[in-house]
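Okay, here's what each chain looks like letter by letter:
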Amino acid sequence: MSTKMNISAQFATSLHSPEHIVVAERLGYDRAWLHDTPHQSPDVWMMLALAAERTTTIGLGPGVLVPDLRHLMVNASAAASLTALAPGRVAVAFGTGFTGARALGEAPTSWSNLREYVIAFRGLLNGETVDWRDTRIRMMHPNGHAPERPIDVPILISALGPKGLAVTAEVADGLFTANGETRSASLFDWAALAVHGTVLADGEPHDSARVRAAAGPGHTVAFHAAYEFGGDVTAMPGGDVWLETINQTPSQERHLAVHDQHLVGLNRADAAAWAAGSWKAITQTTVTGTADQIRRRVTELADQGITEIIYQPSGPDIAGELEAFYAAARGA
């Protein structure tokens, strides 16, 4: 690699996430991120706290927090508490809200609101009194209730378009990106990219049952994202079947159908699309390939300015997926 690449893990938060993070630390992963998706997950801060108690070196953080899900003070206090449990290991990522908002039938927060939230969040951790929603608030934790302020917690922001990138450059310490988007990575000293996929055995077909379970959940996010962001779902293999299946759900509950099993498994529409051949695009939507192919892909990402690759394993063998991907990626 032309630059140092940190290898991190990301998990669709479950009751097993603390155990999975222990495995990631043992394998050598630099950081573990947990999704903030309360419609399908246990509380992200609870699981991170359990992971902090069971680990000693791996970085920890929520990736990503959606401002509209919690009051500013709740997230600031939780970040402070996690810092007390894992000093020097905590980072926080924010986003406007994809499945964390849309699965609740809500629109993402605006970039101006996210900017205001992040600035105030950092101010609270610094021990400042901040203006918030027509009042003034401050972390008032006495000794023994939180670390002494200021509390240094690096902040990343999930952004793809120009508005988000501008906010990230102004108020964050780095970029948290996804969907293979690397065009702006070189603008940031810390550019993290979330990826999905699996390491193939020699000759293993892309449509095997194992690949479906291990890489399918990450692959089908392409449908979820295209649908929610106004893309042409039918342009993808199996997309017409996916859309037809989704449209069978009444419009007032369609968001539930779209985000069911998000990054965990395949929902009814995802499974129908897979059977119709969506798997043919899996090497474009995920980092799926042999160990050598993944090694080359990670090197390419480093050359494009990515400094941290964040791998999310799926399927029944999370530990095995973590081990295989780390070996391939670190080989780069």
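The structure under discussion appears in the preceding block.
A few points on the structure. Just so you know, these numbers come straight off a predicted model, no measurement behind them.

1. Quick look at the overall build of the chain
Stage number 1. On a plain count of helices and strands, the chain comes out with 14 helices and 10 strands.
Stage number 2. The C-alpha atoms of the chain give a radius of gyration of 20 Å, which matches the 20 Å a tight globule of 332 residues would have.
Stage number 3. Seen through its C-alpha atoms, the chain measures out along the principal axes to roughly 60 × 45 × 35 Å.
Stage number 4. Relative to its full complement of 332 residues, the chain shows a buried share of 54%.
Stage number 5. Taking the intrachain contacts of the chain between residues at least 6 apart in sequence as the baseline, contacts between residues at least 24 apart amount to 69%.
Stage number 6. Within the structure as shown, the chain displays about 14100 Å² of accessible surface, and the carbon and sulfur contribution to it stands at 51%.
Stage number 7. In the chain, which carries 24 positive and 35 negative side-chain charges, the distance between the mean positions of the two groups comes to 2 Å.

2. Let's talk about the nonpolar core
Stage number 1. Counting 73 residues, the largest nonpolar core has Y29 and L322 as its most contacted members.
Stage number 2. Discounting chain neighbours no more than four positions away, the residues touching Y29 are I7, S8, A9, A24, I58, Y311, L322, F325 and Y326.

3. Here's the deal with helix α9 (residues 239–246)
Stage number 1. Here α9 has its buried residues at G239, W242, T245 and I246. Along the axis of α9, the buried residues cluster in a sector spanning 130°; they form a single face.

4. Focus: the packing of aromatic side chains
Stage number 1. Overall, the coordinates contain nine aromatic pairs when judged by the stated rule.
Stage number 2. Ring geometry for F94 against F121: centres 5.1 Å apart, planes inclined by 80°, an arrangement best described as edge-to-face. Of this pair, F94 sits in strand β4 (residues 92–94) while F121 sits in helix α5 (residues 111–125), and the two are 27 residues apart along the sequence.
Stage number 3. Taking the relative accessible area as the measure of exposure, F94 reaches 0% and is therefore buried.

5. Notes on the side chain of H259
Stage number 1. Mapped onto the elements of the fold, H259 is located in helix α10 (residues 254–259).
Stage number 2. Given a relative accessible area of 2%, H259 falls into the buried group.
Stage number 3. For H259, the side chain forms a polar contact with the side chain of T99, separated by 2.9 Å.
Stage number 4. Among the polar contacts listed, one links the side chain of H259 to the side chain of E228, at a separation of 2.7 Å.
Stage number 5. In contact with H259, other than residues within four places in its own chain, are Q40, F98, T99, R102, A103 and E228.

6. With respect to the pairing of strand β3 (residues 59–62)
Stage number 1. Burial of β3 is two-sided: the residues G59 and G61 facing one way and the residues L60 and P62 facing the other way are all buried.
Stage number 2. Across four bridges, the pairing between strand β2 (residues 31–34) and β3 is parallel. From the neighbouring strand, L34 faces β3, where its bridge partner is P62.
Stage number 3. As a crossover connection, the stretch from β2 through helix α2 (residues 44–54) into β3 is right-handed.

7. Observations concerning the packing of helix α8 (residues 221–228) against α9
Stage number 1. Two elements in contact, α8 and α9, have axes whose closest approach is 11 Å; the angle formed by their N-to-C orientations is 65°. Comparing the axis directions of α8 and α9 gives the class roughly perpendicular. The handedness of the crossing between α8 and α9 comes out as right-handed. Contacts from F223, H224 and Y227 of α8 reach α9 at G239, W242, L243 and I246.

8. Thoughts on the pattern of salt bridges
Stage number 1. All told, the structure shown has 13 salt bridges when counted by the stated rule.
Stage number 2. In this structure, R136 and D131 form a salt bridge, with 2.9 Å as the shortest nitrogen-oxygen distance. Like D131, R136 is exposed.
Stage number 3. A salt bridge links R295 to D292; its shortest N-O distance comes to 2.5 Å. Of this pair, R295 and D292 both sit in helix α13 (residues 291–303), three residues apart, which is roughly one turn of that helix.
Stage number 4. The exposure class of R295 is partly exposed, given its relative accessible area of 25%.
Stage number 5. D292 sits in the partly exposed class, given a relative accessible area of 45%.
Stage number 6. Connected through salt bridges with shared partners, the residues D36, D43 and R70 form a single ionic network.

9. Topic: the side chain of T99
Stage number 1. The residue T99 is located in helix α4 (residues 99–102) in this model.
Stage number 2. Judged by its relative accessible area of 6%, T99 is buried.
Stage number 3. Each residue touching T99, except ones within four places of it in the same chain, is listed here: T37, H39, H259 and H262.

10. Thoughts on the environment of G239
Stage number 1. Of note, G239 is situated in helix α9.
Stage number 2. You can call G239 buried: its relative accessible area is 0%.
Stage number 3. Separated by 38 residues in sequence, G239 and G277 place their C-alpha atoms 9.1 Å apart.
Stage number 4. Among residues more than four places away in sequence, those in contact with G239 are F223, V233 and T234.

Cut-off values and rules
Residues numbered from 1 in each chain as written. Predicted model: local features only at pLDDT ≥ 70, side-chain atom pairs only at ≥ 80, totals over all residues. Heavy atoms only, no water. Helix = DSSP H or I, 4+ residues; strand = E, 2+ residues; numbered from the N terminus. Rg over C-alpha atoms; globule rule 2.2 N^0.38 Å. Buried < 20%, exposed > 50% of the residue type's maximum accessible area, 1.4 Å probe, protein only. Contact = heavy atoms within 4.5 Å. Areas by Shrake-Rupley, 256 points an atom, 1.4 Å probe, with all protein chains shown as cover. Lys, Arg positive; Asp, Glu negative; His and termini not counted. Charge placed at Lys NZ, Arg CZ, Asp CG, Glu CD. Core = buried A, V, L, I, M, F, W, Y, C linked by side-chain atoms within 4.5 Å. Arc of directions from axis to C-beta. Phe/Tyr/Trp six-rings, centres within 6.5 Å; stacked < 30°, edge-to-face > 60°. Polar contact = N/O pair within 3.5 Å; in protein donor to acceptor, adjacent residues only side chain to side chain. Pairing = 2+ DSSP bridges. Right-handed = clockwise from strand over helix to strand, strands pointing away. Axes fitted to C-alpha atoms, helices over the stretch in contact; angles between N-to-C directions. Parallel < 35°, antiparallel > 145°, perpendicular 65-115°, else oblique. Left-handed = near helix turned anticlockwise from the far one by under 90°. Salt bridge = Lys/Arg side-chain N within 4 Å of Asp/Glu carboxyl O.

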